[in-house]
Amino acid sequence: MHNTVKNLLNIKNNIKDYLNKLNINNNPKIVAVSKTFKIDKILPLIDYGHIDFGENKVQEAIEKWSEIKNKNSKIKLHMIGRLQTNKVKFAVQIFDYIHSVDSKKLAK
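For every chain, the first residue of the written sequence is number 1, and numbering continues from 1 onward in sequence order. Reporting of local features is limited, given that this is a predicted model, to residues whose pLDDT is at least 70; pairs of side-chain atoms are given and counted only at 80 or more, and all residues count toward the totals for whole chains, interfaces and linings. Hydrogen atoms and water are omitted, and side-chain values are computed over all heavy atoms in the structure.

Examining the packing of helix H1 (residues 3-21) against helix H2 (residues 39-48)
What counts is decided by this rule: Helix axes are fitted only over the stretch in contact, all axes being lines through C-alpha atoms; the angle between N-to-C directions runs from 0 to 180 degrees. Helix and strand assignments come from DSSP, with helices taken as H or I runs of at least 4 residues and strands as E runs of at least 2, each series counted from the N terminus. Here roughly perpendicular refers to angles of 65 to 115 degrees, roughly parallel to angles under 35, roughly antiparallel to angles over 145, and oblique to all remaining angles. Each helix crossing is assigned a hand: it is left-handed if the near helix lies turned anticlockwise from the far helix by less than a right angle, otherwise right-handed if that turn is clockwise. Contacts were defined at the residue level, with two residues in contact if any of their heavy atoms lie within 4.5 Å. Residues are grouped as follows: nonpolar covers Ala, Val, Leu, Ile, Met, Phe, Trp, Tyr, Cys and Pro; charged covers Asp, Glu, Lys and Arg; every other residue, Gly included, is treated as polar.
At a minimum axis distance of 8 Å, the contact between H1 and H2 shows a crossing angle of 60°. Classified by the angle their axes make, H1 and H2 are oblique. Crossing of H1 against H2: the hand is right-handed. Along its contact with H1, which presents Thr4, Val5, Leu8 and Leu9, the element H2 presents Lys41, Pro44, Leu45 and Tyr48. Looking at the contact of H1 with H2, its residues break down into 6 nonpolar, 1 polar and 1 charged.

So, unusual backbone geometry
The phi dihedral of asparagine 23 is positive, around 60°, even though this residue is not glycine. Its location among the elements puts asparagine 23 in the loop between H1 and strand S1 (32-33). Phi at threonine 36 takes a positive value of approximately 70°, unusual for a residue other than glycine. Structurally, threonine 36 is set in the loop between S1 and H2.

Have a look at this one:
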């Protein structure tokens, strides 16, 4: 098993243990932040079945994820970090979620 998958499973188990201690029956979504990592480090997670990934740069996301998202429609990309208004038209084409709207102008 690849180290990135082992890390993900370890994180999931830690969260599950913590929620059990609090007597909370919930299964939170884990967004693997893939910014700055090359796709070969991310592919084992995709092969394992993980679908939520976070990026903070629009251009990097387009280059890294366009082909993968075309092959796997289940992949969900999350824009994290600051989004510039001049990148919005590109961001909405690649990202499924944008977590960083900080103005009405950007939202429009």
